[in-house]
Amino acid sequence: MDVVQRIPVTFADAGSRSGPLTFAQRNVLRSMRHQATDGHNFTLWQIVDVPAGGDLDAVAGAVHDLIVACESLRTRFEADEDPVQHVVGEGTIPLEVYEAGDAADEWAAELAVRWSRDRFDPAEARPLRVGVITQDGSPVKTVFVFAHLVVDAASVWALRHRFERQLSQGVRAVPPARQPIDKAVEERSEAGMRRAEAALKFWRERLRRGPQSMFAVPLHEPGRSVYRSARLRSRSVAANAARIAARTHTSPSAVVLATVAALIGLRVDRRTCLITSVASNRSAAGLADYVGPLAQDALLLFELEVPSFDALVRKTWSTAISAYRNSQFDAIRLWQTVEDVDQVRGTRYARDCVFNDRSDYLAGRRPLGPAQDSPPSRAAEPGGTEIAWIPAAFLPARLVFYVNRLDDAVEFVLWADTRRLPGPDIEAFLRGVDRVLAEAADADFDLGRLSEIAGVVPVVRDDRWRLIDSCWVDLDEVRELLHEAVQPEAGEVFAEGERLVAYLVVKGDPPTLAAIHAACRAALEERESAMTPHHYVICAQAPTVPGDPAEWARAAVLAEGSGREA
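Think of each chain on its own: its residues are numbered from 1, step by step along the sequence as written. Owing to the predicted nature of the model, reporting of local features is limited to residues with pLDDT of at least 70; listing and counting of side-chain atom pairs is limited to 80 or more, with chain, interface and lining totals taken over all residues. Side-chain numbers come from the whole structure's heavy atoms, not from hydrogens or water.

A. How the structure looks around the pattern of salt bridges. Each reported salt bridge corresponds to a side-chain nitrogen of Lys or Arg within 4 Å of a carboxyl oxygen of Asp or Glu. Under the counting rule described, the total for this entry stands at 45 salt bridges. Residues Asp49 and Lys141 are paired through a salt bridge, measuring 2.6 Å at the closest nitrogen-oxygen approach. In this pair, Asp49 is assigned in strand β3 (residues 43-49) and Lys141 in strand β8 (residues 138-147), connecting sequence segments 92 residues apart. Only protein chains enter the accessibility calculation, which uses a 1.4 Å probe. A residue is then buried if its area is under 20% of the maximum for its type, exposed if over 50%, and partly exposed in between. Relative accessible area serves as the criterion here: at 45%, Asp49 is assigned to the partly exposed category. Only runs of H or I of at least four residues qualify as helices and only runs of E of at least two qualify as strands under DSSP, and these elements are numbered from the N terminus.

This is the structure we're talking about:
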């Protein structure tokens, strides 16, 4: 692909100012510092059709007006300990033009993917790349790639709407009701800080009780992770979800979330489910047209031991509402809260199971509330559900369930790490969603029948696995952790009731218990099936039968304790 023309889009006197970052911007910046991937996780792209008869001047003019109206599109960041954003009042963005002939769709997609691989430099006030694909000299496609620091997915669709209206109707873009610096100032107000503190308290309480990982399971195969994605499209699933939502007085989104949670719990043999749901945080007045990242994690923790599917849907609905109300927080402080809880529990919060309902803005509709009073009169006939494999990129999770459409039809995408959910089980999971919603469309059912209805098979664990402090733990994995972290002359780990006890003999002068615990915690990375011992016992020598806990209990003790002392 060769550029045939570069058009400078220059803006001036647009207004400049500086201010703090919003919570969501700080969250993205933190992720950029901690995630060494290509740019796919920190760029978002959109391809927009240019109406027939449009010309390059009109496209350049619409891009100019977007940049002037939306401060986030002309912002640079000082990413130090207390980061600052600077909105610039003048500058130039190059508009690159490519002649594609009859291959406009292919060229637009290729350009979007290529540009998305390169991270933006936060220090530069050029957080977007814009390309135009022409056919015989006339523009037919506009390609936008944005830095995630200045938009989230809902923002991209808001920008698309503005851009399309200007090209098709001549309606120039106007500034959003609130700009990112306005939002940041509001978050730092007394009321904003109270909300943020309440959110941290909400998270802390659930992190203390929930599993560190939903996918602490025997690996299907060793080695590096391989990711696969499958897509389900169906009208019958949409009709059935709407009927269930009407009966339970919830929403189709809550019905789908409950179904996904139930099947995850079934698959991994869990009665407590911890799911991260991406909250758009756009329900407050003045945020519908906001351009900037607002989406943050909502933490959903609920018990799956309820008598029926309808009861689970209602519990999911109320749990989700509480979680979404507590999804705006300072990410730096949140992750310190996670660290503090993990330090005491001896865990590493994995954030490995994610639900992301994007249907509201992908459909260009207002957020879905409770189901309407006119659902389909009967359950949809089975069939008509299509499942296809689609490309899968890296994501920082083990399972992600996307809801891309949820109106008169559904589109779901299930992305998974195949070491934990192999390809055939990904497809079986999606078909299970279809079967569960078909079964529940006309009447409630006992959740004890879930496996029979869904066809999802639970994982099998051997007798070395224990359920401790809400976490599935492989004792062999904990033993490996201990030996890797401390490198003792001898060491064993045993489950004694609800706690893990490590007995070890160390070389030379014994380290402090705190040092041993810190070393074990540092080695927890990528070990969802392990946690650090709750109690360490340093012995003078190893017993003759190291696999016998009674023998270790009779050994001379040099030091013992939790290693968690302040």
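This is not the end of the story, as more comes after the structure.
B. Representation of the sheet that holds strand β4 (residues 75-78) in the model. Strands qualify as paired when DSSP identifies two bridges or more between them. If you walk across this open sheet you meet the 3 strands as β2-β5-β4, and the pairing is antiparallel. Of all strands in the sheet, those with a lone pairing partner are β2 (17-20) and β4, marking the two edges. Adjacent strand axes in the sheet meet at a mean angle of 25°, parallel and antiparallel pairs treated alike. Note that β4 and strand β5 (residues 84-87) share 4 bridges and pair antiparallel. The angle between two axes is taken between their N-to-C directions and runs from 0 to 180 degrees, where each axis is a line fitted to C-alpha atoms and a helix contributes only its stretch in contact.

C. Representation of the packing of aromatic side chains. Note on ring pairs: Phe, Tyr and Trp rings are taken, using the six-membered ring of Trp, and paired if centres are within 6.5 Å. Classes follow the plane angle, with under 30 degrees stacked, over 60 edge-to-face and the rest tilted. Scanning the entire structure with this criterion turns up 12 aromatic pairs. With a centroid separation of 6.5 Å and an interplanar angle of 85°, the aromatic rings of Trp203 and Tyr349 are classed as edge-to-face. Placement of the pair is Trp203 in helix α6 (residues 190-209) and Tyr349 in the loop between α10 (331-345) and β12 (353-357), with a sequence separation of 146 residues. For Tyr349, a relative accessible area of 10% translates into the label buried. Where Tyr227 meets Phe394, the ring centres are 5.9 Å apart and the plane angle is 70°; that geometry is what we call edge-to-face. Separated by 167 residues along the polypeptide, Tyr227 in strand β9 (residues 227-234) and Phe394 in the loop between β13 (386-390) and β14 (399-406) bring together distant segments of the chain.

D. Just the nonpolar core, in detail. Residues Leu263, Ile264, Phe309, Phe401 and Phe412 are the most contacted members of the largest nonpolar core, which totals 72 residues. The element contributing the most residues to this core is helix α8 (residues 252-268), with 11 residues. Contacts between residues were defined by any pair of non-hydrogen atoms, one from each residue, lying within 4.5 Å. When residues no more than four places from it in sequence are discounted, the contact partners of Phe401 are Val256, Val260, Val354, Phe355, Asn356, Phe412, Val413, Leu414, Phe429, Leu430 and Val433. What makes a nonpolar core is a set of buried Ala, Val, Leu, Ile, Met, Phe, Trp, Tyr and Cys residues whose side-chain atoms join them at distances within 4.5 Å. Formed by 54 residues, the second largest nonpolar core is a distinct cluster that contains Ala108, Leu111, Val145 and Val150.

E. Representation of helix α3 (residues 104-116) within the structure. Spanning 13 residues, α3 covers 18 Å between terminal C-alpha atoms, matching the ideal 18 Å at 1.5 Å per step. Listed in full, the buried residues belonging to α3 are Ala104, Ala108, Leu111, Ala112, Trp115 and Ser116. Buried residues of α3 fall within an arc of 125° about the axis and therefore sit on the same side. Elements that come into contact with the buried residues of α3 comprise β3, β6 (91-99), β7 (128-135) and β8. Given a helix with a known number of residues, its expected span is that number minus one, times 1.5 Å. Of all possible arcs, the one meant is that of the directions from the helix axis to the C-beta atoms.

F. How the structure looks around the pairing of strand β17 (residues 471-474). The alternating pattern of β17 places Cys471 and Val473 on one face and Trp472 and Asp474 on the opposite face, and all of these are buried. Relative to β17, strand β16 (residues 465-468) runs antiparallel, the two sharing 4 bridges. In the strand pairing of β17, Ile468 is matched with Cys471. The antiparallel pairing of β16 with β17 creates a hairpin that spans 2 residues between the two strands, and Asp469 there sits at a positive phi of about 50°.

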